[in-house]
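Coordinates in review
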Amino acid sequence: MLVTLAHCKNGELKSMYSVESLLSLIKKTPLTKPLRILNVCGGHERAITRAGFRTLFQHNIHLIPGPGCPVCICPEEDIAFAIHLALNENVVIASFGDMLRVPIDCAIDGCDSLIAAKNSGADVRPISSVQEAVSIAIGEPEKAVVFFAVGFETTMAPVAAALLADLPNNLKVLLSGRLTWPAVAHVLRSQKDTFDALIAPGHVATIMGCEEWQFVIDHHDLPVSISGFHPESLLLSIHALIKNCSSRVITLNNSYPEVVKHHGNSAAKTLLKTAFTQVDAHWRGIGVIPRSGFSLAAKLSHLDVTNHYEPIDSSSRIIQTGLKTPPPCEQVILGQMAPDGCPFFGKECIPASPKGACMVSDEGACRIWYSAGERSVIEVIEKGNMQKVEIKS
């Protein structure tokens, strides 16, 4: 196959393409088989679902959500430790709002989420930015404040900037930041021949650059398109990918040139490199992925909450929650199961009372599908090491 790098010029999306014209181009592009396109951004999944793209494409193009929600893949041990600190160490836990509702399979002192700990009297506070955590620590110097930091590169860059500034002595950090590309590499490597193309996350690419996604071409022989979040950008990406598959020409395509540059944002990348080191890290539902996590750099180790408090005594403190069989969130995260394929979807597991992490955040595939009324048009049946796509009757 021929490998090239393609870019859309600034303004091209608005001046040359409309949703109608792009849909027409997509429908006119010949396909020899149904295409499975992996998308790994919760924002993309939300835009795809709300626009009704799956209904428009029906059985020819299958858009598969992957590990694109940081709340969904935050490891249970980090949440458990945060619950333990909130209940037993007289600290303020400050974290992004969605993290408060993420359940864990084994409760800590009877609490299976941070919101349950809050309801039991712990001081747990939802915030929308790292600066709010800093403000809490400054405003209440007599209290120990723990910022539970969860997110991908886009979120971790401003977190890094804040941590490198002068901080109050009573602020500590429980860091659960992750890098996106190692998880995508894991999914592609562990499910060889399952996907035909990749829509890469626009926000992450804004920080890290187009060049970070070259590995998909080099190591997996798949075309990639970096997309924005409006329908034109997503459709342009989908059109580029099906053209690639149809003509057997692999490209790394940038359909979000308004903000994504080849080398990314050098200032943000410098902040990440200065504040953090890359370490092997656990992803909920996936396992340990090499060099996929952020850890505080040596000069910031004094902020690491794990250096100030003892770990959980799991033998006496952890009890199993009510569900005998936890929801199969890992299969949704890995693109192996559509959200509505989960037996708990829309039944025991709904946004008001989530049983799995994917039903919590508005970037979680299950929450998006449930809220939009999205349902599968296909089911995936494993045949040995292969996967066969069949239309549901």
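Residues numbered from 1 in each chain as written. Predicted model: local features only at pLDDT ≥ 70, side-chain atom pairs only at ≥ 80, totals over all residues. Heavy atoms only, no water.

**Remarks on the overall build of the protein**
Selection criterion: Secondary structure elements follow DSSP: runs of H or I no shorter than four residues count as helices, runs of E no shorter than two count as strands, and numbering proceeds from the N terminus. Whether two residues are in contact is decided by their heavy atoms: any pair within 4.5 Å suffices.
Helices and strands together make up the secondary structure of the protein, namely 17 helices and 16 strands. Restricting to contacts in the protein with at least 6 residues of sequence separation, those with at least 24 account for 76%.

**Some words on the confidence of the model for the protein**
To be explicit about the condition: Per-residue confidence from the predictor is given as pLDDT, running between 0 and 100.
Overall, the prediction assigns the protein a mean pLDDT of 89, with 88% of residues at 70 or greater. Throughout residues 10-15 the model reports pLDDT below 50, and contacts reaching past four residues in sequence, or to other chains, amount to ten contacts. Predicted confidence is poor over residues 378-393, with pLDDT under 50, and the contacts of this stretch with residues over four places away or in other chains come to 30 contacts.

**Overview of unusual backbone geometry**
Selection rule: Any residue under 20% of the maximum accessible area for its type is buried, any over 50% is exposed, and the rest in between are partly exposed; the area is computed with a 1.4 Å probe on protein chains only.
Phi is positive for aspartate 221, which is not a glycine, with a value near 55 degrees. Here aspartate 221 shows up in the loop between α12 (214-220) and β10 (224-227). Positive phi values are uncommon outside glycine, yet arginine 248 reaches one of about 60 degrees. In this structure, arginine 248 sits in the loop between α13 (231-247) and β11 (249-254). Note on arginine 248: relative accessible area 53%, which makes it exposed.

**Points about the packing of aromatic side chains**
Worth spelling out the cut-off: When two rings of Phe, Tyr or Trp (its six-membered ring) have centres within 6.5 Å they constitute a pair, described as stacked for plane angles under 30 degrees, edge-to-face for angles over 60, and tilted for the intermediate range.
Counted under the stated rule, the structure contains eight aromatic pairs. Aromatic pair phenylalanine 96 and phenylalanine 147: ring centres 5.8 Å apart, planes at 85 degrees, arrangement edge-to-face. Placement of the pair is phenylalanine 96 in strand β4 (residues 91-96) and phenylalanine 147 in strand β7 (residues 144-151), with a sequence separation of 51 residues. Of the two residues examined, phenylalanine 96 and phenylalanine 147, each falls in the buried class. Connected via pairs of aromatic rings, a cluster forms that spans Trp181, Trp213 and Phe215.

**As for helix α17 (residues 365-372)**
Because each turn of an α-helix spans 3.6 residues, side chains separated by three or four positions in sequence point in the same direction. Heads up, the condition is: Taking the helix axis as origin, the arc is that swept by the directions to the C-beta atoms.
Taken as a whole, α17 has its buried residues at Ala365, Cys366, Ile368 and Trp369. Angular distribution of buried residues about the axis of α17 spans 165 degrees; they occupy a single face of the element. If you follow the buried residues of α17, they end up packed against α3 (42-51), α4 (53-57), β3 (61-65) and α16 (329-333). A positive backbone phi angle near 70 degrees is found at glycine 373, which sits one or two residues after α17.

**Some points on the packing of helix α2 (residues 19-28) against α13**
To be explicit about the condition: For every element, the axis is a line fit to its C-alpha atoms; helices are fit only across the contacting stretch, and the angle between N-to-C directions ranges from 0 to 180 degrees. Roughly parallel refers to an angle under 35 degrees, roughly antiparallel to one over 145, roughly perpendicular to one between 65 and 115, and oblique to any angle outside these ranges. Crossing handedness is read from the near helix: turned anticlockwise from the far helix by less than a right angle, it gives a left-handed crossing, and turned clockwise, a right-handed one. Each residue gets one of three labels, nonpolar for Ala, Val, Leu, Ile, Met, Phe, Trp, Tyr, Cys and Pro, charged for Asp, Glu, Lys and Arg, and polar for the others, Gly among them.
Contact geometry of α2 with α13 gives a least axis separation of 9 Å together with a crossing angle of 15 degrees. Looking at the two axes, α2 sits roughly parallel to α13. Crossing of α2 over α13 shows left-handed handedness. Two secondary-structure elements touch here, α2 through Val19, Leu22, Leu23, Leu25 and Ile26 and α13 through Pro231, Glu232, Leu235, Leu236, Ile238, His239 and Ile242. Tallied by class, the residues present in the contact of α2 with α13 amount to ten nonpolar, one polar and one charged.

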